[in-house]
Amino acid sequence: MTNTSTSDPASGPAAPWRRLATAEANIPPPPRDALRGVGQVFFQGNALTGACFLLGIAANSPIMAIGGAAGAAIGTAVARLARFDADEAAEGIFGFNATLVGVATFFFFRPGPASVALMVAGAVAATFLTRLMRSALPFPTYTTPFIVTTWALWLIGPALGASWVPAGEPYAETSSLPGVANGVGQVMFQANVLTAALFVAGITLANPRHAALVVAASAIGVAAANYHVTPAQRALDPERLVGRFLTENIALGLYSYNATLAALALYLWRGSLIPPLLGALLSTPITELAPRAGLPALTAPFVLATWLVLLLAWLDGRLLREAPAPDPGEPSPAG
């Protein structure tokens, strides 16, 4: 009879995660660092997670998966050649914004010489912006480099010869359940249930708790969006309360994907449920701000909602906290 001890690294409940960590660490550095950059889109510095993300994108759009992989590789290579912080580069910190630029380029534009050139230039620019913002700003920048770079590509692309991807067919599904799945996939421009499942599986490989939080936050975003309607919309649709066009957007996950990132970012900042809940709820109405300015929302609602919660926490600490009561054994200031 064999005596199996839980302290044995090859046995016990944590054994599969240890084996996965070993497998991840054994991937050669260049592809490992690039895949970690893909994983960092959901704050997971894990190459296996990044591989799951690319598989998920490929299940819905192979060309966008190629763009994401190329962006991650470019971002990682630029960070190495420019001698950015080696530890941060190894964790994929300089790859995730470039990954998103690569995916976004082929979401908006057809593959061609102009769009490929835009993707390469955008990935390089996003990498340098990541370094600049991280060194210059005293607060987390998250996906701001991706947002700024992609807005620029979106504005100048047609003038440089890039052709728009034509609008797709109306989304037939109008129930809220697909919106929860698509709210995970839309972080990387994918409205596909299989894609979402692979994304969640990849996050689970790195941290099961983070995966549960992402799904819950997407559900919160869907629930909040269902009640995010104007009086004019209610007047036009008094029975259902929500206009058909809005239910389509909710089912596509367009109101919930920013909630997943906001909740996870705030959970990593402070291991509590209240800041993530607040961030997820705030991201829903903020989602409409960028389109009102004529720009795609991208992950700007996530960044703005998260910054707002961090600002509220800072104000709470600086302005609203009462001074501690004086020690009874100490003399009072007036004494």
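Calculation rules
Residues numbered from 1 in each chain as written. Predicted model: local features only at pLDDT ≥ 70, side-chain atom pairs only at ≥ 80, totals over all residues. Heavy atoms only, no water. Axes fitted to C-alpha atoms, helices over the stretch in contact; angles between N-to-C directions. Helix = DSSP H or I, 4+ residues; strand = E, 2+ residues; numbered from the N terminus. Parallel < 35°, antiparallel > 145°, perpendicular 65-115°, else oblique. Left-handed = near helix turned anticlockwise from the far one by under 90°. Contact = heavy atoms within 4.5 Å. Nonpolar A, V, L, I, M, F, W, Y, C, P; charged D, E, K, R; others polar. Buried < 20%, exposed > 50% of the residue type's maximum accessible area, 1.4 Å probe, protein only. pLDDT = per-residue confidence, 0-100. Salt bridge = Lys/Arg side-chain N within 4 Å of Asp/Glu carboxyl O.

For the rest of this paragraph, the subject is the packing of helix α14 (residues 257-269) against helix α15 (residues 274-286). Between α14 and α15, the shortest axis-to-axis distance is 8 Å and the interhelical angle comes to 155 degrees. Taken together, the axis directions place α14 and α15 in an arrangement best described as roughly antiparallel. Classified by chirality, the crossing of α15 by α14 is right-handed. Contacts from Asn258, Ala259, Ala262, Ala263, Leu266, Tyr267 and Trp269 of α14 reach α15 at Pro275, Pro276, Gly279, Ala280 and Ser283. A breakdown of the residues in the contact of α14 with α15 according to their chemical character gives nine nonpolar, three polar and no charged.

Moving on to the side chain of threonine 299. Within the secondary structure layout, threonine 299 lies in the loop between α16 (289-292) and α17 (300-320). The buried category is assigned to threonine 299, whose relative accessible area is 1%.

This part takes up the confidence of the model for the chain. Looking at the chain as a whole, the pLDDT averages 87, with 84% of positions reaching at least 70. Note that residues 1-10 has pLDDT below 50 and, in this model, eight contacts with residues that lie over four places away or in other chains. In the model, residues 331-335 has pLDDT below 50 throughout and makes zero contacts with residues more than four positions away in sequence or in other chains.

Take the pattern of salt bridges next. Summed over all chains, the structure comprises six salt bridges. Linking glutamate 91 and arginine 36 is a salt bridge whose minimum nitrogen-to-oxygen distance equals 3.6 Å. Highlighted residues: glutamate 91 in the loop between α5 (86-90) and α6 (96-108) and arginine 36 in helix α2 (residues 29-39), separated in sequence by 55 residues. With a relative accessible area of 36%, glutamate 91 lands in the partly exposed category. By relative accessible area, arginine 36 is classed as buried at 10%.

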